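Structure assessment
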Amino acid sequence: MDTFEVAAMLNMSTSWVYREASKLGLKGYKLGRGRNAKVLYKRAEVFKWLEQQKIH
């Protein structure tokens, strides 16, 4: 998933995802170089983090 998809799924901004991803344990994979590099996240890791946020 790219940063925009993660942000839309979490209903947050892309800047929030960039800033908070490492704190949340989401490891980004950078494709390309410089400002136009694309950051991707594993879908399974995103859903695993969401599952941990479940309120019991």
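This write-up is about the structure you can find in this document.

Conventions adopted
Residues numbered from 1 in each chain as written. Predicted model: local features only at pLDDT ≥ 70, side-chain atom pairs only at ≥ 80, totals over all residues. Heavy atoms only, no water. Core = buried A, V, L, I, M, F, W, Y, C linked by side-chain atoms within 4.5 Å. Buried < 20%, exposed > 50% of the residue type's maximum accessible area, 1.4 Å probe, protein only. Helix = DSSP H or I, 4+ residues; strand = E, 2+ residues; numbered from the N terminus. Contact = heavy atoms within 4.5 Å. Salt bridge = Lys/Arg side-chain N within 4 Å of Asp/Glu carboxyl O. Pairing = 2+ DSSP bridges.

**What to know about the nonpolar core**
Core analysis: the biggest nonpolar cluster contains 12 residues, these being Met-1, Val-6, Ala-7, Leu-10, Trp-16, Val-17, Ala-21, Leu-26, Val-39, Tyr-41, Val-46 and Trp-49. If you list the elements that add at least two residues to this core, you get α1 (3-10), α2 (14-24), β2 (38-41) and α3 (43-52). Excluding residues within four positions of it along the chain, Ala-7 makes contact with Met-12, Ser-13, Thr-14 and Val-17.

**Here we look at the pattern of salt bridges**
A full pass over the atoms with the stated rule returns four salt bridges. Between Lys-23 and Glu-20 there is a salt bridge, with the nearest N and O atoms lying 3.5 Å from each other. Taken together, the positions of Lys-23 and Glu-20, both in helix α2 and three residues apart, correspond to about one turn of that helix. The buried category is assigned to Glu-20, whose relative accessible area is 17%. Residues Lys-54 and Glu-51 are paired through a salt bridge, measuring 2.7 Å at the closest nitrogen-oxygen approach. When its relative accessible area of 46% is taken as the criterion, Lys-54 is described as partly exposed. What emerges from the salt-bridge pattern is a single network uniting Arg-19, Glu-20 and Lys-23.

**Topic: the environment of Arg-33**
Mapped onto the elements of the fold, Arg-33 is located in the loop between β1 (28-31) and β2. For Arg-33, a relative accessible area of 79% puts it in the exposed group. C-alpha separation for the pair Arg-33 and Met-9, spaced 24 residues apart in sequence, amounts to 26 Å.

**Regarding the pairing of β2**
Burial along β2 is one-sided: Val-39 and Tyr-41 are buried, and none of Lys-38 and Leu-40, which face the opposite way, are. Looking at chain direction, β1 and β2 are connected through four bridges and run antiparallel. Counterpart to Leu-31 in the pairing with β2 is Lys-38. Hairpin connection from β1 to β2: six residues lie between these consecutive antiparallel strands, with Gly-32 at a positive phi of about 100 degrees.

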